[in-house]
Amino acid sequence: MRSSVSRHTNEPPWCGAGLWLVLLATGACGDTSQNPSRETPAQAPATNETPARPPELAMPPGVIVADAAANATRTAFFGDLHVHTTYSFDAFAFGTVATPDDAYRFAQGEPIEHPAGYEVRLRTPLDFYAVTDHAQFLGGVAQAADPSTPFGQLPHAEDLHFFNAPENRTTDGLVERVSAFRGFIPQTRTGVADGSIDIGMVNDVARNAWADIVGAARRHNQPGRFTTFVAYEYTSSTDERGNLHRNVIFRDADRLPALPFSRLHSQNPEGLWDWMDRLRAQGIEALAIPHNSNGSNGQMFTLEDWAGNPLDDGSAARRIRNEPLVELTQIKGTSETHPLLSDNDEWADFELMPYRVGTSLPSQPSGSYAREALLNGLRLADQGTVNPYRFGFVGASDNHTGAAPLDEETYFGKVGILDGRPDLRGSVPLTPDIAALVEEAGRLRVEEVEGRDYATGGYETWSASGLTGVWAEENTRDAIYRAFRRKETFATSGPRITVRLFGGYGFDDTLLTQAALLEEAYTRGVSMGGELLGADDTSPTFIAWATRDPASAALQRLQIVKGWTIDGAHHEQVYDVACADSGNVNPATHRCPDNGASVDLTDCSIAPGLGAGELKTVWRDPDFDPAHRAFYYVRVLENPTCRWSTWDAVRAGVPPNPNLHPTLQERAWSSPIWFVPTAN
């Protein structure tokens, strides 16, 4: 419910953006009352381009391109759609000086320098990447730190000049950075509101940064080899700090708005969707991807609009038209589901961040997780309302250094100098001097665990994650964007696991060994992201298929997660459908036997010879009822491996933090397929 949220007070635009150093030290996210939350969104600039609507927008849900042979050539491409550079106010405050060009070089396999002073690089280049800097005060803090700029000559910017000196981009300068940054954003926002700061100057700074972001995407795009997307982050939240952040991804690098739509235009995401609809009418196509619903305090997936009215066809259609995808996993935790919402799912506690974004306040699970939203979408459809939550899944990093920390073994954190060391992110004990520094900065808490002091309050709950996978004909903007729109996408927690899911009628095991498997699957069924229409009382069959990342652990089990509704009540079930090491699924429990995979916590070595390189099966739902709507998606789990916090401890020669999970099971999730009964 949104009724407890005030609609007419605005917090500063940086609230909920991950600034632990500010939020825990000040109460600056209160009522500024400068702009009503229902203000008219800024109009998008007119263009002379001929409108060109992507065919997916006109396609009925679930329709697959008729050329099954072409569909069968689709390849898995991996990328990150959530990357911050020095133009994001918080990233610069964390010591990041990496530019969009640096970020794209990193994605293509080149090393770049981490703000903490060491080199980072990917083990394998990515196929696509999107720089998504915060639209609010885009480029503003970096400019304010430079005394030679008009922005840097503002009286309240003087303390930020400390940031500009390279010798101050270290942990030693943490307290000074906190002190300097603490009041800058609220003072700037107040100055813009009362006219003492020229909004034209703010927009000029943002316009120059936006031009460089766009230019970098154009410079680094290499059709067929590496794809860039022009993008940005819309960073808003409720007045109670429930996260409402979205990344906006543009289809083209040539048809673009003059400036991004930001929290400065509207706190209300509906304003963003209206702006996107107007752009689309002018031929500027984009989609928005909500992220960190886990930190939204129940506000990301409500059943009401911003004004508190029940969702109707218009508001629901507007949302799913503009938000066909959801970021399921990233550094700030996984948003699939929660043990309080899925008590019959033993794997529901994977990499959970329990806080509202940018705070140490607890986040309410209900309304914050994707699986529950999928179920609520079915319930709305049962009632005759358009389903606003028929979304596909993607993963991303949300890194704030230009560099994605995807591997547990080499995890280097998210927020530059603030968590670029193991002791600061809670994986190894703090020395007394660093503990004192943490407490003085007011950033995190110091907690004694079994006689040792650890930093706690957020970073220890973060994760080395994640990636978006797409099935596309080629590595180009057009092909990958079309995959986004048809939701033929999947999310991984970091490894490059591939997953496929098809639903249809009459699939059987013999198909799995046929050379024409993919062509048959596309011809006779629908792929992930599609709708499968009922066929009288015939039970559908599903092809579920996963392949391991050769550089990661072997696969342990392949699962299908089903959700359905009966008379408005939610039901869900996790089915193991294929087991590694010749195991057979127990038909009574729907579970594989334990394959015995283990981890040696003294050196993170894993038991050899266990797990599978590929798991593939044809599955029929044993509990199918043709009268009820349902969704199905694949989840595949690797054998257990060391979590990043354990790797940190092993390298430091200390025991793992007892308060943290020592191991995890990396995984991937396909986008769902929705079953629609014949009567509907």
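Our subject in this report is the structure included herewith. (Residues numbered from 1 in each chain as written. Predicted model: local features only at pLDDT ≥ 70, side-chain atom pairs only at ≥ 80, totals over all residues. Heavy atoms only, no water.)

### Points about the overall build of the protein
Phase 1: Counting its secondary structure elements, the protein contains 16 helices and 28 strands.
Phase 2: The buried share of the protein, taken over its 680 residues, is 64%.
Phase 3: Contacts in the protein between residues at least 24 apart in sequence constitute 76% of all its contacts with a sequence separation of at least 6.
Phase 4: Approximately 22800 Å² of the protein is accessible, and the part contributed by carbon and sulfur atoms is 49%. (Helix = DSSP H or I, 4+ residues; strand = E, 2+ residues; numbered from the N terminus. Buried < 20%, exposed > 50% of the residue type's maximum accessible area, 1.4 Å probe, protein only. Contact = heavy atoms within 4.5 Å. Areas by Shrake-Rupley, 256 points an atom, 1.4 Å probe, with all protein chains shown as cover.)

### Digging into the packing of helix H5 (residues 100-107) against helix H9 (residues 199-220)
Phase 1: As a packed pair, H5 and H9 sit with axes 9 Å apart at the nearest point and diverge in direction by 30°. Viewed along their axes, H5 and H9 adopt a mutual orientation that is roughly parallel. Here H5 runs over H9; the crossing is right-handed. From H5, Pro-100, Asp-101, Tyr-104 and Arg-105 reach across to H9, where they touch Asp-212, Ile-213, Ala-216, Ala-217, Arg-219 and His-220.
Phase 2: In terms of residue class, the contact of H5 with H9 is built from five nonpolar, one polar and four charged. (Axes fitted to C-alpha atoms, helices over the stretch in contact; angles between N-to-C directions. Parallel < 35°, antiparallel > 145°, perpendicular 65-115°, else oblique. Left-handed = near helix turned anticlockwise from the far one by under 90°. Nonpolar A, V, L, I, M, F, W, Y, C, P; charged D, E, K, R; others polar.)

### Quick look at the sheet that holds strand E18 (residues 541-547)
Phase 1: If you trace the four strands from one edge of the open sheet to the other, you get E16-E15-E18-E23, paired in antiparallel fashion. Every interior strand has two partners, whereas the edge strands, strand E16 (525-527) and strand E23 (614-620), have only one. Between one strand axis and the next, the sheet turns through 15° on average, direction left out of account.
Phase 2: Here seven bridges tie E18 to E23, and the two strands are oriented antiparallel to one another. When the sheet's bridge partners are listed, Ile-543 is paired in E23 with Val-618.
Phase 3: In the packing of helix H15 (residues 517-524) onto the sheet, the strands contacted are strand E15 (498-504), E16, E18 and E23, and the crossing angle to E16 comes to about 105°. (Pairing = 2+ DSSP bridges.)

### Thoughts on the side chain of Ser-465
Phase 1: Relative to the helices and strands, Ser-465 is located in the loop between strand E12 (452-456) and strand E13 (467-472).
Phase 2: In this structure the side chain of Ser-465 is engaged in a polar contact, spanning 3.4 Å, whose partner is the backbone oxygen of Ser-493.
Phase 3: Not counting chain neighbours up to four residues away, the residues in contact with Ser-465 comprise Thr-329, Gln-330, Ile-331, Ala-396, Ser-397, Pro-405, Leu-406, Thr-492, Ser-493 and Gly-494. (Polar contact = N/O pair within 3.5 Å; in protein donor to acceptor, adjacent residues only side chain to side chain.)

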